[in-house]
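# A look at the structure
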Amino acid sequence: MPQGLEVDGGRAVAPVRALAIVGQLTDLGVAQRLVKGFGAGAGLGVQVQQATLVLARGEFDFNAQWTGWAAAGMRRGKEDNRLSGLTLSSAAGDATVNRFDNTRENHIQTGELGLRGQFATGAITHAVVASLNLFDSSERNAWGYNYGTGLSNNIYQPVALTPPPLTGFGGILGSPRETERIKNTSLAVADTLGFMDDRVRLTLGLRHQTIEVEGFDATTGASSGQYEKSRVTPVA
């Protein structure tokens, strides 16, 4: 038998199971393929997105009745846009375009811990599960715009235009501040009771959930509002 395997009910099982995934995604020119406002020669209509992902999960069999698991995930994303908003003015494709830039970063972490097992109290069997879930998200955002200087173009025969200067800002494009923070937690416990040789089953459980959301001003970093609530709900 290979090393690390055990026998459970006549079959070989691994007491430890694990999975890990690491990836990176870069997408260039998404908006340029969709909107030709100032044209590629003007350097607008360009969107760059980058994301780094890490996922890991593992399980461990303490014995034939009890198994524990843990999982964690992380995402780091960046987005840098130089866009041209477009408003059609005729069926011939004439349009007015304006400018909008933004930079955004988001950081997300997730985690999960769990335990499941089986036991009996007299003639009643129990299949129990307990799990803890965590979610933490932070978003940074900044933008600049010029909606007052409309330039003319045509969607069927677009030409490169000189983009107008930005006239309004929210935050600093080169160094965006945190604008939103989300924290969610959930703790759940459930027990499925079996009666009459498991011909009749009843599941009882509770889940405690907490949601925390806070927004921040993109320019000053001051809190713009907060929400926090917790609830206990039944698990079916």
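See the structure above.
Residues numbered from 1 in each chain as written. Predicted model: local features only at pLDDT ≥ 70, side-chain atom pairs only at ≥ 80, totals over all residues. Heavy atoms only, no water.

### Quick notes on the overall build of the protein chain
Scanning the protein chain from N- to C-terminus turns up 1 helix and 11 strands. Beginning at the N terminus, the succession of helices and strands in the protein chain can be written as β-β-β-α-β-β-β-β-β-β-β-β. Within the protein chain, the fraction of its 236 residues that count as buried is 29%. For the protein chain, the accessible surface area stands at approximately 14500 Å², while carbon and sulfur atoms represent 57% of it. (Helix = DSSP H or I, 4+ residues; strand = E, 2+ residues; numbered from the N terminus. Buried < 20%, exposed > 50% of the residue type's maximum accessible area, 1.4 Å probe, protein only. Areas by Shrake-Rupley, 256 points an atom, 1.4 Å probe, with all protein chains shown as cover.)

### Here we look at the pattern of salt bridges
Enumeration over the complete set of coordinates arrives at 10 salt bridges. Residue R116 is joined to E59 by a salt bridge in which the shortest nitrogen-to-oxygen separation is 3.5 Å. Of the two residues, R116 sits in strand β6 (residues 94-121) while E59 sits in strand β4 (residues 46-61), which places them 57 residues apart along the sequence. The class for R116 is partly exposed, based on a relative accessible area of 32%. For R181, the salt bridge goes to D136, with nearest N and O atoms at 3.1 Å. Note that R181 is positioned in strand β9 (residues 177-195) and D136 in strand β7 (residues 124-154), a separation of 45 residues in sequence. D136 sits in the buried class, given a relative accessible area of 17%. One network of salt bridges, with partners in common, ties together R57, E59, E112 and R116. (Salt bridge = Lys/Arg side-chain N within 4 Å of Asp/Glu carboxyl O.)

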